[in-house]
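These are the residues of each chain, in order.
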Amino acid sequence: MWRGRCRRLLRGCVPRPPPDGPGGPGGGRGYAPPAERKRFYQNVSISQGEGGFEINLDHRKLKTPQAKLFAVPSEALAIAVATEWDSQKDTIKFYTMHLTTLCNTALDNPTQRSKGQLIRAAVKFLETDTVCYRVEEPAALAELQKNEWDPIVAWAEKRYNVAIGSSTSIMGPNIPASTRDTFISHLASYNMWALQGIEYVITQLKSLILSMGLIDRHITVEKAVLLSRLEEEYQIQRWGKVEWAHDYDLCELRARAAAGTLFVHLCSESSTVKHKLLQD
């Protein structure tokens, strides 16, 4: 039962190998796992140790790239990661295992960043936030941006009691210092693990505003991805698409955004899963 539940959360699209790390372009702060490897285990299970919940591949405990014990802070997250490993067939496709990669990054912290550095990196995206940059022409695209992006900006301004706005200038909108301070304060309420996931989602969507709307459950993954790709979708509607390439890109982005959001929620989950859920 637990495998079925997690698969429904993680399932949707099968992504292709990312070109430069677990997040693809712009998301290469974490590890770049090998693309594939022959499956070497039969059974996957979880157990609780002193450092948290561990993943067992047969009788071997999973380790990080730096050979640290792979132990996560919540049982729910451990179940989701175990589902990724259990879902692999004859070949382990590491590029589909976004939760595992995010956990490795959180455990090893390969760039050695502090909580403050993670928060500042996330808030810096306000300066180039996708939904804040507008065009003046063509008129149809400008109208589309206004109709689709204005509501999410208005939601963020009301939700966090801040001023954001938008601009058609190449310099972007003038974000008040008080707005940055508010988001810094809000992000500080998350733990280090969740912040890794938040930054991951932001780098995928190129938008702090869309990411917070997604994590706050104000919009769905599908909606967040559509809004992040609004100009590209407009061009596709007008000029057509490269059939396989555009479909893969869309599926890949949805998979990453969904995994990152799930990671944030599961890293903030303090309750444990009832043992009956572990019986398939």
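Right, let's walk through the structure included here. Since this is a predicted model, take the numbers as computed values, not measurements. (Residues numbered from 1 in each chain as written. Predicted model: local features only at pLDDT ≥ 70, side-chain atom pairs only at ≥ 80, totals over all residues. Heavy atoms only, no water.)

The subject of this paragraph is the overall build of the protein. Looking only at helices and strands, the protein has 11 helices and six strands in total. With 280 residues in all, the protein has 49% of them scored as buried. Across the protein, every contact between residues at least 6 apart in sequence was considered, and the portion connecting residues at least 24 apart equals 68%. For the protein, the exposed area adds up to about 14100 Å²; of that, 52% sits on carbon and sulfur atoms. (Helix = DSSP H or I, 4+ residues; strand = E, 2+ residues; numbered from the N terminus. Buried < 20%, exposed > 50% of the residue type's maximum accessible area, 1.4 Å probe, protein only. Contact = heavy atoms within 4.5 Å. Areas by Shrake-Rupley, 256 points an atom, 1.4 Å probe, with all protein chains shown as cover.)

A full pass over the atoms with the stated rule returns six aromatic pairs. Ring geometry for Phe40 versus Tyr41: centroids 5.2 Å apart, planes at 80°, classification edge-to-face. Taking 6.2 Å as the distance between ring centres and 25° as the angle between the ring planes, the aromatic pair formed by Trp193 and Phe263 counts as stacked. Residue Trp193 is found in helix H7 (residues 192-205), and its partner Phe263 is found in helix H11 (residues 243-267); the two are separated by 70 residues along the sequence. Take Trp193 and Phe263: they sit in the same class, and that class is buried. Every member of this aromatic cluster is reached through a ring pair, and the members are Phe40, Tyr41, Trp85 and Phe94. (Phe/Tyr/Trp six-rings, centres within 6.5 Å; stacked < 30°, edge-to-face > 60°.)

Bringing the pattern of salt bridges into the picture now. When their charged atoms lie close together, side chains carrying opposite charge are able to pair. For the coordinates displayed, the defined rule picks out 10 salt bridges. For the salt bridge of Lys124 with Glu127, the shortest nitrogen-to-oxygen distance reads 3.4 Å. When its relative accessible area of 52% is taken as the criterion, Lys124 is described as exposed. The network of salt bridges with shared partners includes Arg134, Lys146 and Asp150. (Salt bridge = Lys/Arg side-chain N within 4 Å of Asp/Glu carboxyl O.)

The residue after Glu137, namely Pro138, is reached through a cis peptide bond having omega 5°. Phi at Lys206 is positive, roughly 55°, even though this residue is not glycine. Mapping Lys206 onto the fold places it in the loop between H7 and helix H8 (208-215). Using a relative accessible area of 36% as the deciding quantity, one classes Lys206 as partly exposed.

Attention now moves to the pairing of strand S3 (residues 52-57). Of all six residues in S3, six are buried, a share of seventy percent or more. Direction of pairing for strand S2 (residues 44-49) relative to S3: antiparallel, over a ladder of six bridges. When the bridges of S3 are listed, Val44 appears paired with Leu57. Where S2 folds back onto S3 in an antiparallel hairpin, the turn is made up of two residues. Of the pairings in the sheet, the one linking S3 to strand S5 (residues 71-72) comprises two bridges and is antiparallel in character. Opposite Glu54, over in S5, you have Ala71 as the bridge partner. In this antiparallel pair of consecutive strands, S3 and strand S4 (residues 60-61), the connection spans two residues, and Asp58 shows a positive phi of 60°. (Pairing = 2+ DSSP bridges.)

Any link to function would need more than the numbers given here.
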